[in-house]
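If you want the building blocks of each chain, they are given just below.
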Amino acid sequence: MAEFVHITGDRAARRIGRTGIAARSHGHDGGRGVYCMPVLPSFTLTHQWVRELRRWHSGVLVAVQLRLPDAEPVTFGRYHLPPQQVTAAQAVAMARAVADPRGYEVFVPRPVHATEIRRIRDVPQGIGWRYVPDAHGRRPCLCPACDTRGGYKADRLRRRTPYDDPPRPKAMLMAELRAASSAEEICDVLGELGRARRGGAEELAYLADHPDPDVRETLDSVLRVYRGREARRLRERLQLSDS
């Protein structure tokens, strides 16, 4: 059996322990699955993605250790290059053989079942690299894909070298949200709503009872940029429903 580590938010840890890891991430071929990293002799390299993922996830991150059959089909490669189709055992061997495994990742093109999860543990929040491996001393990229609002000195860098496109109008996003037919589409629109202060959190109240836990989790994260009593009430309601 091949062992891997998946990094996720601590709020999802309890649900993952019960139901497994949903296939929410997009692979290079457009399919859905789960990203993870082989367990390596180095603790730092095994959990190298923590610091980078903190730019995209609010709150505390945890490490989910999982075990897959050696013959399980996965892909392996560096994040910016087309991956190779290999087995889980081959992915572990290749990661251990790479001189510098920073930036490498494994993609499992399916959900991870609860029976395949070994344990969920706390992990240091400052471990690993940020932006790209060896980014220290290099000018940070300010494109929308790399820059995150609220990051370290992000506002000052953005004013110095403006790049961001303005957020789309709320009316347009709300129309897309009402027309969304799947949990994935709902989460994508919610993520764009969370790019700026939007107000009017009551318009999202109907999603608090959505049956998909990923929709509720995304909604809770997006409501952090909203202001007012209704936004606070909805977040409390979501936290009670997931407890």
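Relevant structure appears above.
Residues numbered from 1 in each chain as written. Predicted model: local features only at pLDDT ≥ 70, side-chain atom pairs only at ≥ 80, totals over all residues. Heavy atoms only, no water.

Caption draft 1: Expanded view of the nonpolar core. Phe4, Ile21, Phe76 and Val106 are the most contacted members of the largest nonpolar core, which totals 26 residues. For this core, the secondary structure elements donating two or more residues are strand E1 (2-9), strand E3 (32-38), strand E4 (61-68), strand E5 (73-78), helix H4 (88-97) and strand E7 (104-108). Counting residues per element, this core draws most heavily on H4, at 4 residues. Counting 23 residues, the second-largest nonpolar core is a separate cluster that includes Ala180, Val189, Tyr226 and Ala231. (Core = buried A, V, L, I, M, F, W, Y, C linked by side-chain atoms within 4.5 Å. Buried < 20%, exposed > 50% of the residue type's maximum accessible area, 1.4 Å probe, protein only. Helix = DSSP H or I, 4+ residues; strand = E, 2+ residues; numbered from the N terminus.)

Caption draft 2: The packing of helix H7 (residues 183-193) against helix H8 (residues 213-222), seen in detail. Look at H7 against H8: their axes get within 9 Å of each other, and the N-to-C directions meet at 5 degrees. Relative to H8, the element H7 is oriented roughly parallel. Together, Ala183, Ile186, Cys187, Leu190, Gly191 and Leu193 of H7 and Asp214, Val215, Thr218, Leu219 and Val222 of H8 make up the contact between the two elements. Residues belonging to the contact of H7 with H8 are distributed by class as follows: 8 nonpolar, 2 polar and 1 charged. (Axes fitted to C-alpha atoms, helices over the stretch in contact; angles between N-to-C directions. Parallel < 35°, antiparallel > 145°, perpendicular 65-115°, else oblique. Contact = heavy atoms within 4.5 Å. Nonpolar A, V, L, I, M, F, W, Y, C, P; charged D, E, K, R; others polar.)

Caption draft 3: Representation of the side chain of Thr75. As for its position among the elements, Thr75 is in strand E5. Those residues within four positions of Thr75 in sequence are excluded, and the remaining contacts are Pro83, Gln84, Gln85, Glu105, Val106 and Phe107.

Caption draft 4: The arrangement of the environment of Pro211 in detail. Within the secondary structure layout, Pro211 lies in the loop between H7 and H8. Separated by 28 residues in the primary sequence, Pro211 and Ala183 have C-alpha atoms spaced 9.3 Å apart.

Caption draft 5: Spotlight on H7. Within H7, the full set of buried residues consists of Ala183, Ile186, Cys187, Val189, Leu190, Glu192 and Leu193. Residues of H7 that are buried in the fold lie against helix H6 (170-179) and H8.

Caption draft 6: Quick look at the side chain of Gln65. Inspection of the secondary structure puts Gln65 in strand E4. A polar contact is formed between the side chain of Gln65 and the side chain of Glu3, at a distance of 3.0 Å. Ignoring sequence-local partners within four residues, the contact set of Gln65 consists of Glu3, Phe4, Val5, Val39, Glu116, Ile117, Arg118 and Arg119. (Polar contact = N/O pair within 3.5 Å; in protein donor to acceptor, adjacent residues only side chain to side chain.)

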